[in-house]
Each structure stands twice: as C-alpha cells, then as structure tokens.
Amino acid sequence: MELFETLSRLTAAHGVSGREEEVRALLAQLAQPYCDEVRTDVMGNLICRRAGEGPRVMLSAHMDTAGLVVSHIQEEGYLRFSSVGGLTARQLRGQSVRFANGITGVVDAATEKGEKEPALSDLYLDIGADSRSEAEKLVSLGDTAAFHVPARQQGERVLSSGLDDRAGCLVLLLVMEALKSAPNDLYFVFTAQSRVGLRGVQTAAYAVDPAWAVVVSATAADDTPQADHRGSCALGRGAGVKVMDGSVICHPRAVELLDRLAEKHEIPVQHEVYKAGRSDAGAVYTTRVGVITGGVSFPVRHLGAPVEIADLNDLRRCVQLLQVFAESELSDL
Amino acid sequence: MDLFETLRALSALPGPSGTEEPVSRAVREMMAPLVDRVYTDRLGNAVGEKNCGRPGAPRLLLDAHLDEIGFVVTGVEEGFLRIQTIGGVDARVLPGREMTILTNPPLFGVVAALPPHLQTAEEMEKTIPLDQLRIDIGMDQQAAAAAVPVGTRAVYRAECFRLGKDQVCGKALDDRACITALLRTLELLRDRELDVDLTVLCSTFEETGGAGAATGAFGARPDLCVAVDVTHGRTPDGPKSGTFPLGGGPAIGVGPNMARWMSQRMEEKAKAAKLPYGLEVLPGDTGTNAWVLQISREGVATGLLSLPLKYMHTPVEVVQLSDLEALAQLLADFITGLGKEAPLCWSC
Amino acid sequence: MLELLKTLCMLDGVSGFEDQVRQFIREQARPYADSIREDAMGNLIVYKRGAKATGNKLLLAAHMDEVGLLITEVTDEGYLRFRFVGGVDRRVAIGKPVLIGPEHIPGVIGMKAVHLVKAGERGSVPKTEELYIDIGAASAQEAGEKAPPGSYAVFAGECVEFGQGFLKAKAIDDRVGCAVLLSLLKEPLPLDCTFAFTVQEEVGTRGAFGTAFSVTPEIALVLEGTTAADCAGVPAHKKVCAPGRGPVIPFMDGGTIYDRELYALLTGLCRDNGIPWQTKEYISGGTDARTFQRSKAGVRAAGISAAVRYLHSPSSVAAVGDLEEMLRLTRLFLSAVAEETQEVRHGAV
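S.K.: Summarise the overall build of chain B; cite the residues concerned and give the values.
M.R.: Each helix and strand counted, chain B has nine helices and 17 strands in total. Relative to the globule expectation of 20 Å for 348 residues, the C-alpha radius of gyration of chain B, 21 Å, shows essentially globular dimensions. Structurally, chain B occupies a C-alpha span of about 65 × 40 × 35 Å along its principal axes. For chain B, buried positions account for 55% of its 348 residues.

Written out as structure tokens, the structure is:
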C-alpha cells in the first residue's frame, strides 16, 4: 500500500459522524486482503479480525470526521444546519464544504458584518439553489457535508482535510499489511461516531471484549506560534505514546510496554499529554471489567481546520510501533 | 484499629488517578485479615470479598476510592516543569506549594511563585492560572529533562497530623478517610453474622470519572451498592445549605441516585443507634461513584454515605475521627440483617 | 386515549418518585401482559406476546418521570428551600403553585414583590438558591413535619383543552409516550414486544441503562415528547417542530444519530398511509434512545415524538390530533418489523 496515495483516497472519502458509508466501504475493501473477518455493527463500526491464539487485542482509529448536518431548508433555498463533531462558527464561517454526492456549498453568517462572533444557529449554507424545491433536489434533511481540501505532499509533510483521524485509519491498514505472524487475537476497528462523543467505540469495545487496546489518534501539535502548551508533542519527533488526554489516563502497563518496544526497536517516540482533547481510548478503558488501554498518536497542526498538517515520518513510526506491539506476547493480569 | 494511624499511613501514599498502585497494594494488605479474599483487577482496583455462606445471598458492594487529585508533567522549560492537573485541582493553593515528583526515586519540588515586589497590586488580586505555574526542582534544563520525562506524575507533599482534639489534617483524605472507614466497618462486622455476600471495592479513577467503580462493579455483579465518599464540611466562608458540620456525623444521600428504601434504612439505623447524621438532598448527579454504580449492568439499588471534609482538594483537607467512627458504625448496622430485609425492587 | 393521557398527566412522577405512574400503568397493563417486572431502579418492564414469536427483538419505551422539585431544607421561618430535578427554566417556576409529596400539600414558589426589588435587579432572574416554597407553615417544625427534606413537589394545575384541538397539562413529556404504549399494549400485537416504562430520564436517561442491559433488544423505539418552538417571532429554522403537524420522526438529536433504515421505514410508512409527519428541524435535546443505542454491542434506535410547546414547564401544550397519529404510526411500525422478522422459538423473557 502506498502511503501518500492511500491517505489521499482516505481523506477524500466522505464520512461525517453517522454517515460513514463511503469511507467504511473504502476501508473494508483495503482491509479485506489482510483480515479473516470483516463486519459492520449497528453503530456503523467496521470490525476487522485477524484471528490468533492469544488474548484479544483491539487496535482502533475513528473513521468519522467533523462536519455539518442539514436541519432546515429555507424557502429561498438556503440551508440551515447543525455542527456535527464540535466545529465552531469561527471554524465554519467562509469555508467551502462538500456533501457525499459531490454538491458543494459555502458557509456564511446571517448577521451583519462587524457584529460579534455569530452563533452556529446564525450560519447558513449556500449551495446556489434559488428555492426550497430546487435545494431539495440536491440535498435532503439529515445530509452531511465536510471540508474537502485534497491531500498534498510537501517534503515529508502532508496537508489535507480530515487527517484526524483518517491518517490513523491509514496507520492501521499499514500495520495489517506489515504484520507477519502475531500471537494475539487481533481486532482492527475503524470506529464510527467518535466525534459526537466517542459513541461508536463503546459498542465495538463491548463486542470485542479485549484485554488490551491501543487507540490511534491525532493530537494537537504543541509547536505552533500559538501553542498554549496544553499538549506536549511536536511534528517530526516520532510516534506519540499517549500518557493521558482529556478522556483517558492510559494504563501504566501500556505506556511502559510501548516505551520499551520503542527503545528495543529504536523507534523515535515522544510522550503525549493533551488535556484539551478526547480520544476513543476514554470509552474503551471503562468497557466491561476494564481494558488495559494505551494510545499511539501523531501530532497534527491546525486540528479541526479545513487544512491540517501532519508528518509522514511520524505516521511511519506509528506503524512500526504498533506492528511490534501487535507481534509481542501480551499477558492479561 | 487505630483510625488516626491508619489514615496517616494511607494519606502518605501517592496515588493520583491512574497510578494508584502504591495505595492499592497497601489497602489490599490492610484488608486481607478482614476478608476471605483480596485481589486486584485490570484497572488496579483493590477488592476484598467476604461471603456469608448462604447460597443465593444478595451481593452487596461497598465502594470508596483510592485515587487522589494530582499533576502530570507536560514539558520542561529552562529547568522548570510545566504541569497539567489530574482531577479537580484548586489552583489557588498552588503558589509556593511543596510537591513530590513521582520519579524513581521521587524528587522534591516547589511551585514557583514570583515574589510580591515584582508584581503589580492588580496582579496580586488574581489567581495565577495553571498554565503559568511551573515546578522548580532545582535543576537546569538538561538535568531536568533527563530526570523527569513528559508524563511523570506529581502530588502534594504534605504531612498528615492531628488538628485539635479529634480532627485530622492532610492530603488525600478524600477519599482515604473513607477507605479507613470501610476498613473499620469490616472490623466491626467481624463479630457479626452476615447475610449478604460482601465486596469491598477500593476503586481507581474516581477523580476522573469513576472508571474503577464502573469496571469493578461490572466484575462484581452486585445487587446492592453503597458508595462512601466525602462531602463538604461546614466552614465560616461557605454556605450553610448543603454543607455539614464536622462532628455532626455522616451525611445520608437522598435523591434519585439513591434507592429510597436505602436512604430510609440508613436513617432508621442511625436513629436506632443514636448516631449523629445529616441528610444530603441531591437532585441529580451526586458527583460520586454512586452515580456510576447505580447504572451498572441491569441497574443496582444504590446508597450514598458521605463524610464531612473541609477544604476539599487541597493539601490540608480536614476530617473528624468521630465522624469516621459514626460512619463505620452506621454502615455496619445498615449491613447487618440486610440480606433478609432488602426489597428486590425499587418500590417493593 | 386523550382521557388516558389526561389521567397520566395528573399523576406525580418526579424523577426518582415515579411510584404513582408506575402503579397506574402496572394496573392498566396487568390484564394484557404476559409478564411484568420492576427492577432495582424502578423501571417497569412489560412483556406481551404477539402473533409472531420474536422474543426480545423489539423494545418500545417511554419514560414515566417528569421534571419537578426536591425539597432540600426547611428554613428557620418554615419556608422550604428546593432544587429542580431535571432541566427546568426557573423563569417559568417563579410564582407558580406546587403540590408537595403524595399528600399534595399546597405551596407556592415565593418571591419578594416587585416593589421590593431594586431597580437594577429587575432584569435578572433570581437564582434557585434564592427561591423558596411557602406552604403557609407557622414554624420550622410544622413545615418540617409536612414537607421534610427529600420530599418531592410537582407543578399544580389542571388539564385544559383549548383552542383548535390543543391540550395544556404538566408532564406531557413523556406521559404522551406512556399513553401511546398503554393503548398499544391493550391491542393484539403482530410480534412479541417488550414495553419499558423507564424512570429517571430527566436526570440523565438513567433508567434506560439497566433496561437496555436486561432486555438486550435488537431494535428500540422511543416514544417521546419533544420541544416545539413554533411561537410567533421565532425564525423558521429555529421552530424545531410544531404540534398539529403529526408525529415527529427525528434523524438526529443532541444524543443520538438515529438508525437510517428505521428512519426511512418510519417516514415511508407515513407517506404510504397518509399520516402527516415532520422531523426535528433543529438539532438539540436527547432521549433514552442515546442510552439504548449504545448498550452492549449496540441497538438500532428509532424515535417517534409528539411536538410539545413549553416542555418542562407547568403548562406544556400538545395537539390532541398528533396523539392518534402516533399510535397509528407505531402500530404500522410493529407490523412492518414483524413482517421482516424471522419467527423464533418462544423463549423466556
């Protein structure tokens, strides 16, 4: 699998929370050759199993992105919407968004210029329709749209919409491909509805019932001029070993093991602490009788903006680290 | 059992949420002689089991939490440590505070505070926000970065000591005082006949959402639960409403989080034994593990007993030993005969 | 069914104190149910077999509880301090009559007269801690005996039919769902159904956790009352939905993205059978569906709601006509699910 090319395809696929069909189909197709079993659950999670004798181990990344959902169509053909997955009015205003069927539109605010920051309910989406009936031919209530800036590679950096967490999905695919034999019963889970509150992963983790889990996610890079030092990672310094974020404190055993494996295999890593963000790990570790949960993350600049920036070498390090993790002997208690 | 010595020993141990093992190990050792079996689970809970021997007896789970609030290092800047909090830290008490950095071996540190003569009068009226605070460990950048990796935890460095006749002051009394009360309850139950199968769950992660209680209860499958936690003790600057004077006994939780019959049974037992108590009326989320325990599996009849504590989430938390003893007595009385008397549904 | 709804609305059911509603539903359901149980949190789970044996395939749910008040303290002068249970806009509570406990001790939520309020304060709403209930007690002791801390209170008021087919009552959210389910329960059913009358929805969809865990359905249909904001002056995109325009079928709210196939099924049934319907045109709120959906390995979630104005106030308003349409739609939904479901061997509940 070619890294940048696959990432381009993944970031181009539509998949706002709850409407992950397109990206799920692509992931299923890419994962199929490396897995014994691929299925979709009620929440829309894609659960891919690589059967093994050892304990159940779940590796996951979320496939949904933030975006907006159409909630009302005005007589004049403008669309009103709700933000899905936490995008703010500031992030959305003036941006172009695209629906799954290719229809694009631009977001603006129905408030006078110079007024204070508009509320989300003041925003509308213009798809160029002149009337409700014309708009209804193009989109329906409940349809979702997202940022759609195509991926570009500049040196070892990639610029694209949706790197959170399609780059994480890519990491899982590359791990599947690279894996030789693993002693564990591996579940690669591409989760749905993560951006709306870690919803999908709850049912996936319950069904898989793993002893160990590692969640692959984006973390806000702390190396920009506006960095507030609530995070700890910088682009290009290697795979992030998650210590904690706003939703989880990782199991000390998971952190120790990932550190030890990185040292043994000479994989550059950096410890991640990012209190302002949440990851699926926060819903995994409390599942059933508890799961020994860790995280592997990659720093992303401008998280949530139409163009995010990540480092391809960081992604390669994530793949290496997860591969040796998946291939190691894991004990339960 | 000496309540003060037990509490002092537990208070001294470091256990910010997620890294409670030193506390968990100590509690398992303390609990071992009082129960049939102790064990730990994936998330590090310290669990004790004591069975009554009656087949089909109801299963009662008692919960208090092991963890305390704390700090995590997010970076090193000119030799000083940048930090974020674990749980609800009160940033007002930080400047000039002594800290223990949980490296191996631990390091001493102090929270940097600019001297008053470098600040304006206006600045001195404001709490310093956490992202501007640093911990000084007396090292230069290179030494500090090598000694303290990102992700290292820290806790308050504070003695546990007697305050006045019967009060105790220290860090992490939330909720080590309640762990102590549960140990005392087990001691009281030693000579009584049990008719429930008892699980004592000393749980992890309470300060960050109750993951230990959720997973521990899932494993223990209780029919009945009582969470034991602290509540606000009354102080001259605080409200009278919703706070409880030290020495006034434990507070019995009342509200949708608590099965009504359990609140009532607690009140009856307190009256019968002439134990002091208060009623804490809570209209929704109690902010305790009771909230998590109640919705475990099929749903669990849940009660809440709270110990009044002053200056919550500071290094100088204060409790009164007579309240601890009253709480343990009340809980032991509540448990005695519970198996035969507990209704099987909310309104039966 | 209107009379049934009125009866249900007049019962007390503040979250955690659903006893009157539970008892009424239990008695009503008894002659028609194959089994009835109450769990540790007070959920009432009624199982009724249908023409096709489908076991625990389908869960139908409505919540019994309503928002209200909880007495926290008796003041030295014999007034009652309280906190709201569930989300109440305290502006709609000030100066309202309430009834305390099963004895229905009358009280009013008091406030000092406008003459005594400083000019600068008139624009701001008193905090809940500043409000109190006056039951006319002469002393703290008298008040404490009549309404001890821990007692609940409900908003007082009658059910009133008014205007062009509207009903005003307290607790339409969610006695409307209870009324639809109870009516359905009395009919022969096309498939086995579990009817869950849940508790504590208003304090965090709390009853739904245990209900879903013990029932383990494949599909959960939640019957609810949902916010309508179709008042004068509200822009169209914020009106959400409107009473009188038929059942509300949500595709998304603040807690749930509903199962797309079930959403399509429900809206299709409306179209094919001439049932007026609407969706939620503003994303907010949440129902027990959020908890059902994420239970165990996941449950397909669908919703049918009545549009209710002034939800969570003493005077909520719904359209009587919507009620029958909700029942019709639910009935059609059952038949459609039965049709596409394989018969299973009758198992224990």
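S.K.: Provide a residue-level description of the interface of chain C and chain A, including the pertinent values.
M.R.: Contact residues are listed per partner, giving 16 residues for chain C and 21 residues for chain A. Considering only residue class, the side of chain C that touches chain A consists of eight nonpolar, three polar and five charged.

S.K.: Could you give me a rundown of helix H1 (residues 3-12) of chain B, with the residues and numbers involved?
M.R.: All names here are of chain B. Of the residues making up H1, those classed as buried are Leu-3, Thr-6, Leu-7, Leu-10 and Ser-11. Projected down its long axis, H1 carries its buried residues within an arc of 130°, all on one side. Looking at the buried residues of H1, the elements they touch are helix H2 (21-31), strand E11 (167-170), helix H4 (173-189) and helix H8 (321-335).

S.K.: Can you lay out the sheet that holds E11(B) for me, pointing to particular residues and giving the numbers?
M.R.: Residues and elements named next belong to chain B. If you trace the three strands from one edge of the open sheet to the other, you get E10-E11-E17, paired in antiparallel fashion. Strands with a single pairing partner mark the edges of an open sheet, and in this sheet they are strand E10 (161-163) and strand E17 (317-320). Averaged over all pairs of adjacent strands, the angle between strand axes in this sheet comes to 35°, irrespective of strand direction. As paired strands, E10 and E11 are joined by three bridges and run antiparallel to one another. The residue bridging Phe-161 from the neighbouring strand is Cys-169, located in E11. The strands that H4 touches are E11 and E17; relative to E17, the one it contacts most, it runs at about 25°.

S.K.: Give a detailed account of the interface of chain B and chain C, specifying residues and quantitative values.
M.R.: Taken together, the 19 residues of chain B in the interface contact 27 residues of chain C. Partitioning the side of chain B that touches chain C into residue classes produces 10 nonpolar, six polar and three charged.

S.K.: Help me get a handle on the domain arrangement of chain B, residues and values and all.
M.R.: Examined at the domain level, chain B breaks down into domain 1 (3-68 + 171-341) and domain 2 (71-156). Of the residues belonging to the side of domain 1 of chain B that touches domain 2 of chain B, the class tally is three nonpolar, five polar and three charged.

S.K.: Break down the domain arrangement of chain C for me, citing the residues and quoting the values.
M.R.: Residue and element names in this part refer to chain C. Examined at the domain level, chain C breaks down into domain 1 (2-66 + 170-339) and domain 2 (68-155). Its C-alpha centre places domain 1 at a distance of 31 Å from the equivalent point of domain 2. The partner domain 2 presents 12 residues to the 11 residues of domain 1 that form the contact. Looking at the side of domain 1 that touches domain 2 residue by residue, the class counts come to four nonpolar, three polar and four charged.

S.K.: Account for the environment of Val72(B), with residues named and values stated.
M.R.: Within the secondary structure, Val72(B) sits in strand E4 (residues 70-77). For Val72(B), a count of 26 C-beta atoms within 10 Å translates into the label buried.

S.K.: So what's going on with the sheet that holds strand E15 (residues 269-274) of chain A? Which residues, and what values?
M.R.: Pairing between the strands of a sheet is mediated by backbone hydrogen bonds and can be parallel or antiparallel. Residue and element names in this part refer to chain A. On the basis of which strands lie adjacent, the open sheet formed by eight strands has the order E1-E2-E12-E3-E13-E16-E14-E15 and mixed pairing. At either margin of the open sheet sits one strand with a lone partner, and together these are strand E1 (37-40) and E15. Strand-to-strand twist in this sheet, taken as the mean axis angle between neighbours without regard to direction, amounts to 25°. Relative to strand E16 (residues 292-300), strand E14 (residues 239-245) runs antiparallel, the two sharing two bridges. Each residue of the ladder has a partner; that of Gly-240, found in E16, is Ser-297. Against the sheet, helix H2 (residues 21-31) makes contact with E1, strand E2 (46-50) and strand E12 (185-191), and its axis sits at roughly 10° relative to E2, the strand it touches most. Here helix H7 (residues 252-264) sits on the sheet in contact with E14, E15 and E16, set at roughly 55° to E16.

S.K.: An account of the pairing of strand E6 (residues 96-99) of chain A is needed here, citing residue identities and associated values.
M.R.: Consecutive side chains along a regular strand alternate between the two faces of the sheet. Residue and element names in this part refer to chain A. Here E6 shows a buried face lined by Val-97 and Phe-99 and an unburied face lined by Ser-96 and Arg-98. Pairing of E6 with strand E7 (residues 104-109) involves three bridges; the strand directions are antiparallel. Looking at E7, one finds that Ser-96 is bridged to Val-106. Taking the residues between adjacent antiparallel strands as the criterion, E6 and E7 are bridged by four residues, where Gly-102 takes a positive phi near 95°. Relative to strand E9 (residues 144-146), E6 runs antiparallel, the two sharing two bridges.

S.K.: Please provide a residue-by-residue account of unusual backbone geometry, values included.
M.R.: A cis amide bond, omega 15°, links Asp164(A) with the succeeding residue Asp165(A). With respect to the secondary-structure elements, Asp165(A) resides in helix H5 (residues 163-178). The peptide bond linking Asp173(C) to Asp174(C) adopts the cis configuration, its omega dihedral lying at 10°. Positionally, Asp174(C) belongs in helix H4 (residues 172-185). A positive phi angle, near 55°, is found at Glu266(A), a position not held by glycine. On the secondary structure map, Glu266(A) appears in the loop between H7 and E15. For Arg288(A), which is not a glycine, the phi torsion comes out positive at approximately 50°. Assignment of secondary structure puts Arg288(A) in the loop between helix H8 (281-284) and E16. The exposure class of Arg288(A) is partly exposed, given the 16 C-beta atoms found within 10 Å.

S.K.: Kindly report on the packing of helix H6 (residues 260-273) of chain C against helix H8 (residues 320-339) of chain C, identifying the contributing residues and their values.
M.R.: All names here are of chain C. Contact pair H6 / H8: the axes reach a minimum separation of 10 Å and the direction vectors enclose 115°. If you check the angle between H6 and H8, you find them roughly perpendicular. Considering only the axes of H6 and H8, their crossing is right-handed. Contacts between H6 and H8 involve Leu-265, Leu-266, Leu-269, Cys-270 and Asn-273 on the former and, on the latter, Leu-329, Leu-332, Phe-333 and Ala-336. Of the residues that constitute the contact of H6 with H8, the class distribution is eight nonpolar, one polar and no charged.

S.K.: Explain the nonpolar core to me, and be specific about the residues and the numbers.
M.R.: Membership of the largest hydrophobic core comes to 330 residues, with the highest contact counts inside it found for Leu59(A), Val171(A), Leu321(A) and Leu322(A). Each residue touching Val171(A), except ones within four places of it in the same chain, is listed here: Ala61(A), Val216(A), Leu315(A), Cys318(A), Val319(A) and Leu322(A).

Rules of the game
- Residues numbered from 1 in each chain as written.
- Chains lettered and ligands numbered in written order.
- Predicted model: local features only at pLDDT ≥ 70, side-chain atom pairs only at ≥ 80, totals over all residues.
- Helix = DSSP H or I, 4+ residues; strand = E, 2+ residues; numbered from the N terminus.
- Rg over C-alpha atoms; globule rule 2.2 N^0.38 Å.
- Buried ≥ 20, exposed ≤ 12 C-beta atoms within 10 Å, placed from the backbone.
- Contact = placed C-beta atoms within 7 Å.
- Nonpolar A, V, L, I, M, F, W, Y, C, P; charged D, E, K, R; others polar.
- Arc of directions from axis to C-beta.
- Pairing = 2+ DSSP bridges.
- Axes fitted to C-alpha atoms, helices over the stretch in contact; angles between N-to-C directions.
- Domains from an automatic or database assignment.
- Parallel < 35°, antiparallel > 145°, perpendicular 65-115°, else oblique.
- Left-handed = near helix turned anticlockwise from the far one by under 90°.
- Core = buried A, V, L, I, M, F, W, Y, C linked by C-beta atoms within 7 Å.

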